[in-house]
Amino acid sequence: MIIAAKNGDKDETVGEICDLLYHTLVMMVDCGITVEDVEGLLAKRAEKAGNLKKFHKVDKNS
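**A closer look at the overall build of the protein**
Here is step 1: Each helix and strand in the protein was counted, giving three helices and zero strands.
Here is step 2: Element order for the protein, N to C, with α for helix and β for strand: α-α-α.
Here is step 3: Buried positions account for 5% of the 62 residues belonging to the protein.
Here is step 4: Roughly 5900 Å² of accessible area belongs to the protein as shown, and the carbon and sulfur atoms make up 62% of that amount.

Structure follows, in structure tokens:
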């Protein structure tokens, strides 16, 4: 996928992304992982990222 993207080939990149998503979904089913499991973790990470952005606010005047 990365190589296709670096080569600038949109159609090949789309195909590689499809392969990645397909195999990810197959693995999720095999492991008993739901989309909701993934969404829950992404939501927690977004909260942390939001806190870090506030915590690391830079004062450009100093």
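**Brief notes about the confidence of the model for the protein**
Here is step 1: Averaged over the protein, the pLDDT score is 89; the fraction of residues at 70 or greater is 79%.
Here is step 2: Within the protein, the lowest mean pLDDT, 83, falls on helix α3 (residues 35-55), and the highest, 98, falls on helix α2 (residues 10-31).

Conventions we followed
- Residues numbered from 1 in each chain as written.
- Predicted model: local features only at pLDDT ≥ 70, side-chain atom pairs only at ≥ 80, totals over all residues.
- Heavy atoms only, no water.
- Helix = DSSP H or I, 4+ residues; strand = E, 2+ residues; numbered from the N terminus.
- Buried < 20%, exposed > 50% of the residue type's maximum accessible area, 1.4 Å probe, protein only.
- Areas by Shrake-Rupley, 256 points an atom, 1.4 Å probe, with all protein chains shown as cover.
- pLDDT = per-residue confidence, 0-100.

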